[in-house]
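These are the residues of each chain, in order.
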Amino acid sequence: MTGAEDFEELRPLLFSIAYRVLGSVSEAEDAVQETWLRFAGSATRPTSTKAFLAATVTRISIDVLRSARVRREEYVGPWFPEPLLSDPYQDPARSAELADSVSMAALLLLERLSPLERAVFLLRDVFAFGFDDIAAAVGRSEAACRQLLVRARRHMQDGRPRFAADRRERQELATRFFDALQNGDVGGLQDLLAGDVQLVGDGGGKAPNLARTIMGAQKVARLLGAVFPLLARIDVTLEQHEINGQSGALLRDRDGKVLQAMVLDVLDGQVQAVRTVVNPDKLGHLGPVADAWALDRELKQARRR
């Protein structure tokens, strides 16, 4: 195989590593592109192309994450990862780890780790790289990497998300949830929500958003049950999608432009959290983005009527 063919075969893996380190589709794509430029510009062929490319994309992603951390500290409101509709990397032997590590809840938990801890944890526990390759990727000794992994596992275990194992059950519950949502069925929604459910939105100060986190089944059901029939009145539609390996949906305006991504955390037959992403900067990779402010004005007019 040529170098370009080798790279294209490994591109899904490289993107999956970069996305989990960064929580950003656009930044992950940039990291993969920079990896290609370095690979193509190298005068020598590495002994292991996979190890070389994984190490390169990891180092690039760590550098990007360090600068991104500063921006996230100044972020307006809650910060969520960019929604990912499908993970390009598939490995049947690691399917459980891959699915768990790409969820919104897991990516938010990874934010607790230092960039090095995050990279070591992902390369070892998610992608099953050896410590020799991990050490080369992060520029630390194997012994230091083992210590980083211990600390990372401890942090992750403290708040590790748990999801219902049965995918079909999750999907059926999500379908009932979104049906009740579109019908404004407050009672039906409340039956599907955990008592301590949270409704949280990421607008980044660039789109209309919740002023605060809404907690409790009754409050969340009332709010959602009131808003969504009004959205339907201004021709907003809802499409169910798997987002970050979880049940979710995309909301679109009358022209088909993306308004919002919604993701459900499901456990023990109930919705534990509802996360929405409305920041237009995080939706552009999904297609043309709707004017959320204009739709908000329409929504307020519909409410008055």
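My aim in this report is to walk through the structure given alongside it, one point at a time. Fair warning: this is a prediction, and the values are worked out from it, not measured in the lab.

Another point: the environment of D296. Relative to the elements of secondary structure, D296 occurs in helix α12 (residues 292-304). D296 gets classed as buried once you look at its relative accessible area, which sits at 18%. Separated by 87 residues in sequence, D296 and N209 place their C-alpha atoms 9.8 Å apart.

Below, the discussion takes up helix α6 (residues 115-126). The first and last C-alpha atoms of α6 sit 16 Å apart over 12 residues, in line with the 16 Å expected at 1.5 Å per residue. In terms of burial, α6 is a largely internal element, 10 of the 12 residues being buried. Listed as buried for α6 are P115, L116, E117, R118, A119, V120, F121, L122, L123 and V126. Contact partners of the buried residues in α6: α1 (3-22), α3 (49-73), α4 (95-102), α5 (104-110), α7 (131-138) and α8 (142-158). A positive phi of about 60 degrees marks A128, the residue just after α6.

This part takes up α1. Largest kink in α1: about 50 degrees, centred on L10, with the proline P12 one to four residues after it. Two residues or fewer past α1, G23 is found with a positive phi of approximately 70 degrees.

At their nearest, the axes of α3 and α6 sit 10 Å apart, and the two run at 135 degrees to each other. Taken together, the axis directions place α3 and α6 in an arrangement best described as oblique. Handedness of the α3/α6 crossing: right-handed. Of α6, the residues touching α3 (which contributes T58, I62, L65, R66, R69 and R72) are P115, L116, R118, A119 and L123. For the contact of α3 with α6, the per-class residue count stands at six nonpolar, one polar and four charged.

Right, let's get into the pairing of strand β1 (residues 193-202). For β1, a buried count of seven out of 10 residues is recorded, marking the element as mostly surrounded by other parts of the structure. For β1 and strand β6 (residues 270-277), the ladder comprises six bridges, and the chain directions are parallel. The residue of β6 that forms the bridge with G201 is T276. Both β1 and strand β2 (residues 214-215) contribute to a ladder of two bridges, which runs antiparallel. Within β2, the position partnered with Q198 by the bridge is M215.

Examined bridge by bridge, strand β3 (residues 237-243) and strand β4 (residues 246-252) share seven bridges and lie antiparallel to one another. The residue of β4 that forms the bridge with E242 is S247. The loop that links β3 with its antiparallel partner β4 comprises two residues; one of these, N244, has a positive phi angle of about 50 degrees.

Now for the sheet that holds β2. Strand order in this open sheet of six strands is β2-β1-β6-β5-β4-β3, and the pairing throughout is mixed. The outermost strands of the open sheet, each flanked by one partner alone, are β2 and β3. Where β4 meets strand β5 (residues 258-267), five bridges bridge the pair, whose relative direction is antiparallel. Note on β5: the bridge partner recorded for A249 is M262.

This paragraph deals with the packing of aromatic side chains. For the structure shown, the criterion picks out seven aromatic pairs. When the centroid spacing of 6.1 Å and the interplanar angle of 15 degrees are considered together, the rings of F15 and Y19 count as stacked. Here Y19 and F15 lie together in helix α1, a separation of four residues that amounts to about one turn. On the basis of relative accessibility, which here comes to 0%, the residue Y19 falls in the buried class.

For the pair α6 and α7, the least separation of the axes is 10 Å and the interaxial angle reads 150 degrees. By the angle between their directions, the pair α6 and α7 is classed as roughly antiparallel. α7 is crossed by α6, and the crossing has right-handed handedness. Contacts from L116, A119, V120, L123 and R124 in α6 reach F131, I134, A137 and V138 in α7. Of the residues contributing to the contact of α6 with α7, the split by class is eight nonpolar, no polar and one charged.

Moving on: the pattern of salt bridges. Per the counting criterion, the structure on display carries 18 salt bridges. Its salt-bridge partner being D87, residue R20 comes within 2.6 Å of it at the nearest N-O pair. Residue R20 is located in helix α1, and its partner D87 is located in the loop between α3 and α4; the two are separated by 67 residues in the primary sequence. Using a relative accessible area of 16% as the deciding quantity, one classes D87 as buried. Across the salt bridge formed by E117 and R151, the nearest N and O atoms sit 3.1 Å from each other. One end of the pair, E117, is in helix α6; the other, R151, is in helix α8, and 34 residues separate them in sequence. A residue is classified by how much of its surface remains accessible, and R151, at 35% relative accessible area, is partly exposed.

The rules behind the values
Residues numbered from 1 in each chain as written. Predicted model: local features only at pLDDT ≥ 70, side-chain atom pairs only at ≥ 80, totals over all residues. Heavy atoms only, no water. Helix = DSSP H or I, 4+ residues; strand = E, 2+ residues; numbered from the N terminus. Buried < 20%, exposed > 50% of the residue type's maximum accessible area, 1.4 Å probe, protein only. Expected span 1.5 Å × (residues − 1). Contact = heavy atoms within 4.5 Å. Bend = angle between axes of the 7 residues up to and from the residue. Axes fitted to C-alpha atoms, helices over the stretch in contact; angles between N-to-C directions. Parallel < 35°, antiparallel > 145°, perpendicular 65-115°, else oblique. Left-handed = near helix turned anticlockwise from the far one by under 90°. Nonpolar A, V, L, I, M, F, W, Y, C, P; charged D, E, K, R; others polar. Pairing = 2+ DSSP bridges. Phe/Tyr/Trp six-rings, centres within 6.5 Å; stacked < 30°, edge-to-face > 60°. Salt bridge = Lys/Arg side-chain N within 4 Å of Asp/Glu carboxyl O.

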